[in-house]
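Residue strings, one per chain:
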Amino acid sequence: MSSPSPTEFDIIFAGGGTTACILILEAGEHTLDKPAHVQPYQFPFHMAPTSTTLTFNVGNPSPRLNGRAVIVPCGRSVGGGSTSNFMAYTRAPASDYDDWGVEGWESKNLIPLMKKLETYEVQPGCPTHGYMGPIKVSAGGHKLGICEEPYSDDTDDLETVKRYIDGTIGRRSDAAHCYLYNQAQNLNLQIWVGKRVTRIIFEDKRAVGIEFTNDPVSCPDADRSVSTVKASKLVVVSAGAFGSPAILEKSGIGAEAVLKRCGIEPLISLPGVGENYRNHNAVLVPYLAADEAVTMDPLWRREKSATEDALAQWTSNGKSLIASNGIDVKIKWRPDDDELKAMGSAFQPRWHEFFRDRPDKYVGPLIGTLPPRNYMMAAYFTLYPASTGSVHIKVDENGKETLDFTTGFLDDPSDIIPINFAYKKTREICRRIPSYRGELADAHPKFPEGSAAACREASGPVDLNAPDIIYTAEDDEAIENYHRDRVQTSSHSLGTCAMKPRAEQGVVDARLNVYGVRNLKVADMSIVPKDVGTNTYSTALLIGEKAAMIIAEDLGIDFNV
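Residues numbered from 1 in each chain as written. Predicted model: local features only at pLDDT ≥ 70, side-chain atom pairs only at ≥ 80, totals over all residues. Heavy atoms only, no water.

(A) Main features of the overall build of the chain. Counting its secondary structure elements, the chain contains 13 helices and 24 strands. For the chain, the proportion of its 561 residues judged to be buried stands at 56%. Accessible surface computed for the chain: about 23,500 Å², of which carbon and sulfur atoms make up 51%. (Helix = DSSP H or I, 4+ residues; strand = E, 2+ residues; numbered from the N terminus. Buried < 20%, exposed > 50% of the residue type's maximum accessible area, 1.4 Å probe, protein only. Areas by Shrake-Rupley, 256 points an atom, 1.4 Å probe, with all protein chains shown as cover.)

(B) Region of the structure containing the environment of Tyr471. Positionally, Tyr471 belongs in the loop between β22 (436-439) and α12 (473-486). Residues Tyr471 and Phe447 lie 24 residues apart in sequence; the distance between their C-alpha atoms is 9.6 Å. Ignoring sequence-local partners within four residues, the contact set of Tyr471 consists of Tyr423, Lys424, Arg427, Phe447, Ala453, Asp476 and Ile479. (Contact = heavy atoms within 4.5 Å.)

(C) How the structure looks around the packing of aromatic side chains. Inspection of the entire model under this criterion finds 18 aromatic pairs. For the pair Phe43 and Trp300, a centre-to-centre distance of 5.7 Å together with 90 degrees between the ring planes defines the contact as edge-to-face. Of this pair, Phe43 sits in the loop between α1 (35-38) and β3 (54-58) while Trp300 sits in helix α7 (residues 297-300), and the two are 257 residues apart along the sequence. Judged on exposure class, the residue Phe43 and its partner Trp300 are both buried. On the basis of an interplanar angle of 50 degrees and a centroid distance of 5.7 Å, the ring pair of Phe242 and Tyr277 is categorised as tilted. Of this pair, Phe242 sits in helix α5 (residues 240-250) while Tyr277 sits in the loop between β15 (268-269) and β16 (281-289), placing them 35 residues apart in sequence. Residues Phe242 and Tyr277 agree in their burial class; the two are buried. Site record: aromatic cluster; members linked through ring pairs are Tyr89, Tyr120, Tyr131, Tyr164 and Tyr537. In this structure, Arg302 is placed above the aromatic ring of Phe45, and the distance from its NZ or CZ to the ring centre is 3.7 Å. Taking NZ or CZ as reference, Lys546 lies 5.6 Å from the ring centre of Trp105, over its face. (Phe/Tyr/Trp six-rings, centres within 6.5 Å; stacked < 30°, edge-to-face > 60°. Lys NZ or Arg CZ within 6 Å of the ring centre and 35° of its normal.)

(D) Layout of the environment of Pro413. Locating Pro413 in the fold gives a position in the loop between β21 (401-406) and α11 (416-431). Separated by 27 residues in the primary sequence, Pro413 and Ala386 have C-alpha atoms spaced 8.8 Å apart.

(E) Representation of unusual backbone geometry. Even without a glycine there, the phi angle at Leu410 is positive, about 65 degrees. Within the secondary structure, Leu410 is located in the loop between β21 and α11. One non-glycine residue, Gln505, adopts positive backbone phi at about 65 degrees. Examined against the element boundaries, Gln505 turns out to sit in the loop between β23 (488-489) and β24 (520-522). A residue is classified by how much of its surface remains accessible, and Gln505, at 39% relative accessible area, is partly exposed.

(F) Local environment of the side chain of His492. Structurally, His492 is set in the loop between β23 and β24. Polar side-chain contacts of His492 include one of 3.2 Å to the side chain of Ser490. Setting aside residues no more than four positions away along its own chain, His492 makes contact with Arg278, Asn279, His280, Phe381, Thr534, Asn535 and Thr536. (Polar contact = N/O pair within 3.5 Å; in protein donor to acceptor, adjacent residues only side chain to side chain.)

(G) Quick peek at the confidence of the model for the chain. Mean pLDDT for the chain: 88, with 89% of residues reaching 70 or above. Every residue in residues 1-5 scores below 50 in pLDDT, and together they form eight contacts with partners more than four places removed in sequence or on other chains. Contacts for the low-pLDDT stretch residues 149-160, under 50 throughout, to residues beyond four places or in other chains number 23 contacts. (pLDDT = per-residue confidence, 0-100.)

(H) Fine view of the nonpolar core. Counting residues in each nonpolar core, the largest one holds 63 residues, and the members touching the most others are Trp105, Ile200, Ile210, Leu248, Ile253 and Leu520. Per-element tally for this core: the top contributor is helix α13 (residues 537-555), with seven residues. Apart from residues lying up to four places away in sequence, Ile210 is in contact with Ile12, Leu25, Val197, Arg199, Ile200, Ile201, Ser227, Thr228, Val229 and Val235. By size, the runner-up hydrophobic cluster in this structure holds 36 residues, among which are Val285, Met376, Phe409 and Tyr423. (Core = buried A, V, L, I, M, F, W, Y, C linked by side-chain atoms within 4.5 Å.)

(I) Layout of the pattern of salt bridges. Summed over all chains, the structure comprises 21 salt bridges. Arg518 is the salt-bridge partner of Asp204, the closest N and O atoms lying 3.9 Å from each other. With Asp204 in the loop between β11 (195-203) and β12 (206-214) and Arg518 in the loop between β23 and β24, this residue pair connects regions lying 314 residues apart in the sequence. Classification of Asp204 as exposed rests on a relative accessible area of 68%. (Salt bridge = Lys/Arg side-chain N within 4 Å of Asp/Glu carboxyl O.)

(J) Up close: the packing of helix α3 (residues 107-117) against α13. The contact between α3 and α13 brings their axes to 9 Å, and the two run at 110 degrees. In terms of axis orientation, α3 runs roughly perpendicular to α13. Mapping the contact onto sequence places Leu110, Leu113, Met114, Lys116 and Leu117 in α3 and Leu541, Leu542, Glu545, Lys546 and Met549 in α13. Of the residues in the contact of α3 with α13, the class split is seven nonpolar, no polar and three charged. (Axes fitted to C-alpha atoms, helices over the stretch in contact; angles between N-to-C directions. Parallel < 35°, antiparallel > 145°, perpendicular 65-115°, else oblique. Nonpolar A, V, L, I, M, F, W, Y, C, P; charged D, E, K, R; others polar.)

(K) Region of the structure containing the packing of α11 against α12. At a minimum axis distance of 10 Å, the contact between α11 and α12 shows a crossing angle of 110 degrees. In terms of axis orientation, α11 runs roughly perpendicular to α12. Like other packed secondary-structure pairs, α11 and α12 cross with a definite hand, here right-handed. Facing α11, whose interface residues are Ile416, Ile419, Asn420, Tyr423 and Lys424, α12 presents Asp476, Ile479, Glu480, His483 and Arg484. Taken together, the residues of the contact of α11 with α12 break down into four nonpolar, two polar and four charged. (Left-handed = near helix turned anticlockwise from the far one by under 90°.)

(L) Highlighting the pairing of strand β13 (residues 227-237). Pairing geometry for strand β1 (residues 8-14) and β13, over six bridges, is parallel. Bridge pairing in β13 places Ala14 opposite Val237. Strand direction decides the pairing type here: β12 and β13, joined by four bridges, are antiparallel. The residue of β13 that forms the bridge with Phe212 is Ser227. Pairing geometry for β13 and β24, over three bridges, is parallel. Each bridged residue has a counterpart across the sheet, and for Val235 the counterpart in β24 is Leu520. (Pairing = 2+ DSSP bridges.)

(M) Broad picture of α11. Across its 16 residues, α11 extends 23 Å between first and last C-alpha, which sits within 8% of the 22 Å expected from 1.5 Å per residue. Burial runs high along α11: 15 of the 16 residues are buried. (Expected span 1.5 Å × (residues − 1).)

(N) How the structure looks around α13. For α13, built from 19 residues, the straight-helix expectation of 27 Å at 1.5 Å per residue is met to within 8% by its first-to-last C-alpha distance of 27 Å. One or two residues past the end of α13 sits Gly556, with phi positive at roughly 70 degrees.

Pasting the structure below:
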């Protein structure tokens, strides 16, 4: 890269998230060595309504959600969601990538990049894992006792959760620290924070730079005048499933109807921009735990003594609950024949169309975690929901630009069936855990009076061989209504600038080039054309590595896998 002037660079990245990694513009702020980002236990605090490390995207009210408007957060800092996510390490089945049907993105071509990016501290000698990469993967610095309870010998399903935590020093392993801040001596890389990209500048349909302004949240007292910076070789949009389609539409790339409603002169008609929004539907259900159970509660309640003791140990050796996310158990679940029958006829078409002949496709993971107070939290979400939504820009009645966001959650009737069944499945698991002390009734379905499924406190668990709860039709109705009131995001947003053929509402080709223009790429989770059965940080990192390889090839730069 040549030595840039303050107004021109070779390559500009619009977005400083997990995939973006030289000028990088990020609306949020730096995260370097900030405890809120490097101490794993602090991840829930980013969800506070006053948080500035996330952007809270409000969906349109949906009748499928009993009129609710779901809020979906996304990362808003250098490193994006990797600096604030739950740090759960999972990877998608190889067939997920093969199902994309995109040349060069088959699993056989991606596994070397998966290995390149990680240092897998969990177990040596695994052929599909890497041991010299920047991203550290470990069991974390502390294991909660509840996960040792009744099912840890079930090697077919149960898997101790790995974490994006450096097992030696107990710090979060995020894209900012592992790819950017360790390049402090690289004078060819610049990161400008508090800068919101407003649009891409084109000359004869060739991207030559971007316009930006000071972000009103990160820089509340700064002026809002528009500045420009030029890119001599390439502009890469890496602003995520919400930001990337918005930048394209504000630049005149998208569906003509959307652009005209916002008074934007169309440059390229790409109706797929902002469409194909996908996300895993999640539900979190609390259970009461024994008083003697070790939980994250004291730290998450910010109790001074417990926090100081844990911090002292963490500072000394990288251990203690400071180095934990509280998520210790994961089950990827496929129904057996009896369970499939019990799920009813509404799910059968989806099962036969998508799941039946794909044994590596799980209906969903069931996760155990511990939020404040002595609770166990059972979280379950669908990995491959059929419903899709959309993300577009719009101008409100006051002339303010905002998002027109439709989540699509539960729009397809097959999506709620496995969620309803997962409630029953996780409840039976939790009832058999020694620390179980009943249900927090107000946070469970409102079962009819006298129902055998009624929720209540308990003195202890049921016997491992106890019969399962029998649910009536009225109980099932209560469970479904509960889910329409409660289903939420997993923050795994993707798909809104899909890597598909242009005729199929694609936005970018296999080399991440935006159709119809030159010198413009998109590289983030928005390019993913279909759901991936995983916590999506692993896929975002993979896209970043693949994008780096593609850009290096385009520019004639050596790239070693």
